[in-house]
Every structure is written in structure tokens, then in C-alpha cells.
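What follows is each chain in one-letter form.
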Amino acid sequence: MMTKAPEDAFTAEPFVPEGGDLEALRRAASGCRGCPLHRDATQTVFGAGDVDARVMLVGEQPGDQEDRQGKPFVGPAGKLLDRALAEAGIDPGEAYVTNAVKHFKFTRAEPRKRRIHKAPSLREMTACGPWLAAELALVEPELIVVLGATAGKALLGSSFRVTRVRGTVLEEEIHGRPERLVPTVHPSAVLRADDREGAYQGLVADLEVGARLLP
């Protein structure tokens, strides 16, 4: 009788260590096989930042650069996000950045061609949820900034629409903890926008709503 591979269960739960610090979580996540995405990705891209960070920023998933370097938000979108945070009055160095999904999901038009980002499914987001829950429990942020629709669906459910609630303060229970959240667009959406400057100013304005929540 064939035994099922761990990824067929679509949950990271068996890979998440109990009672570990962020470094222990990061080490354990590097071997996660909680869903099939680990097969094609270069490596797990875990969250980065201080355990005492006041703000946690949650994006969708690693991009091409993040997958190669093993760190979140190191590509063009990450640089734009740092600039927007600073402009809004949030020190990027005091933020913890992570993604709802820890492996890069992509497609290729042809072999050896550029890897094209593909949005993770709700099943893949749910499978990765235990890692996000563990990060939240350790960091205990005062504010969660939700970057884009996928992160919003992972945290707040499949009915989430970023255009409906961006720039507002939400108070919800997330993974058993009462949290304050401010949703906004993902910085990569700003880079793709026709009116890039207008989209950037919209991102800064949303982040300023979050900054005002921090005493």
C-alpha cells in the first residue's frame, strides 16, 4: 500500500516546532513539505525582522529575487515598500516582513525562460497558515499591514477584497489573537500601475493610517 507524501495533506502543521524562537522556526521551515510548492521553488523564504517589531507586513509569496536570495521583499517591490514605509512614518528597520505563502509559485512559457509569478491557491495559503500563526504568536505585533488581495484572503477569508477595505482599520481575531490590521495594495501592484506615482501615493496614504495607530 502506497503511503501519501506529506505535501498531499496540504498542511504545514507537522513541520512547525513547538516552543521555538524565530530562528528555530526559520530552520524548521527550510524543510517544510506541507504542500507541493516546495518541489519547484529554490528554497523556503521565511519572514525577516526583529521579534520585537511593532508592525508586521504580510505579503503574498516570494518573488523570483526572493526565491533566489532566500529573503522576503529584496526585489524592486521591497525597495519601493521600504521607501513608502519611511515616507509614512514607519521605520522599515522596526518592521517584520513575511508572506502568506513561503514558497515561490511560478509558471514558465518555455524551459529556461523567465519564471512568471502565479497566484497561490486558497488551499496552498491554508496549508502555509501554521507558519504565519507561529510568527504572529512570537512577534505579537501592534499592527498588521496586509499587502494585497492574497495576503488578505489568507488572513481574513476568501471574501476579502482589498479595494473595498484598503486604508481602513480592521479589528479581527487572527489565529486566536485579537489584531488590528490595515489593508493596502501590494507594492508590486504599484510597480505595474499605469499611474505609478498616483498608486504610490495611495500606498503611502494607507500606510499613514497604520502609522497613526502606533503611539
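The following paragraphs examine the structure supplied in this document. (Residues numbered from 1 in each chain as written. Predicted model: local features only at pLDDT ≥ 70, side-chain atom pairs only at ≥ 80, totals over all residues. Heavy atoms only, no water.)

Structurally, the α-helix is built with 3.6 residues per turn, so residues lying three or four positions apart point the same way. Thr-150, Ala-151, Gly-152 and Leu-155 are the residues of helix H5 (residues 149–156) that are buried. Tucked inside the fold, the buried residues of H5 contact strand S1 (55–59), helix H4 (122–139), strand S5 (143–147), strand S6 (170–174) and strand S7 (177–184). Directly after H5, the chain includes Gly-157, whose backbone phi takes a positive value near 105 degrees. (Buried < 20%, exposed > 50% of the residue type's maximum accessible area, 1.4 Å probe, protein only. Helix = DSSP H or I, 4+ residues; strand = E, 2+ residues; numbered from the N terminus. Contact = heavy atoms within 4.5 Å.)

Turning to the nonpolar core, a few remarks are in order. If you look at the biggest cluster of nonpolar residues, it comprises 28 residues, and the most contacted ones within it are Val-58, Trp-131 and Leu-155. For this core, the elements supplying multiple residues, two or more each, are helix H1 (22–29), S1, H4, S5, H5 and S6. In terms of residue count, the dominant contributor to this core is H4 (six residues). (Core = buried A, V, L, I, M, F, W, Y, C linked by side-chain atoms within 4.5 Å.)

Right, let's get into empty space enclosed by the protein. All chains considered together, the criterion is met by one cavity of 30 Å³ or more. When its volume is computed, the largest cavity comes out at roughly 100 Å³. Forming the boundary of the largest cavity are 15 residues, of which Cys-32, Cys-35, His-103, Cys-128 and Trp-131 lie nearest the centre. Looking at the lining of the largest cavity, its residues break down into eight nonpolar, four polar and three charged. (1 Å grid on protein atoms, 1.4 Å probe; cavity = no way out; pocket = protein on both sides within 12 Å on 5 of 7 lines; lining within 4 Å. Points joined across faces, edges and corners; volume = space filled by probe spheres on them. Nonpolar A, V, L, I, M, F, W, Y, C, P; charged D, E, K, R; others polar.)

A few words on the environment of Phe-73. With respect to the helices and strands, Phe-73 occurs in the loop between helix H2 (64–69) and helix H3 (76–88). Phe-73 sits 68 residues away from Ala-5 along the chain, and the two C-alpha atoms are 30 Å apart. Apart from residues lying up to four places away in sequence, Phe-73 is in contact with Gly-59, Glu-66, Gly-78, Leu-81, Val-97, Thr-98, Asn-99, Leu-147, His-186 and Pro-187.

Our next topic: the layout of surface pockets. As a volume, the largest pocket reaches approximately 720 Å³. Lining the largest pocket are 29 residues, and of these Gly-63, His-117, His-186, Ser-188 and Arg-192 sit closest to its centre. Those elements that provide at least two residues to the lining of the largest pocket are H2, H3, strand S4 (116–117), H5 and helix H7 (187–192). Considering each element in turn, the lining of the largest pocket owes the most residues, four residues, to H7. When the residues that make up the lining of the largest pocket are grouped by side-chain class, the tally is 12 nonpolar, 11 polar and six charged.

A few words on a negative patch on the surface. On the surface, a cluster of negative charge is made up of Asp-50, Asp-52, Asp-91 and Glu-94. You can call Asp-52 exposed: its relative accessible area is 61%. (Patch = residues over 30% accessible without salt bridge, like charges linked within 9 Å, V, L, I, M, F, W, Y side chains within 5 Å. Areas by Shrake-Rupley, 256 points an atom, 1.4 Å probe, with all protein chains shown as cover. Salt bridge = Lys/Arg side-chain N within 4 Å of Asp/Glu carboxyl O. Lys, Arg positive; Asp, Glu negative; His and termini not counted. Charge placed at Lys NZ, Arg CZ, Asp CG, Glu CD.)

Here we come to unusual backbone geometry. Phi is positive for Phe-10, which is not a glycine, with a value near 50 degrees. As for its position among the elements, Phe-10 is in the segment before H1. The residue His-175 is not glycine, and still its phi comes out positive at about 50 degrees. Structurally, the position occupied by His-175 is in the loop between S6 and S7.

Here the structure, examined in full by the defined rule, presents 11 salt bridges. When the shortest N-O distance is used, the salt bridge between Arg-39 and Glu-7 registers 3.0 Å. Within this pair, whereas Arg-39 is found in the loop between H1 and S1, its partner Glu-7 is found in the segment before H1, the two being separated by 32 residues in sequence.

A word on the pairing of S7. As judged from the four bridges shared by S5 and S7, these two strands associate in the parallel manner. Residue Val-145 lies in a different strand from S7, and its bridge partner there is Val-182. Judged from the five bridges that link them, S6 and S7 form a sheet pairing that is antiparallel. The residue of S7 that forms the bridge with Glu-173 is Pro-178. (Pairing = 2+ DSSP bridges.)

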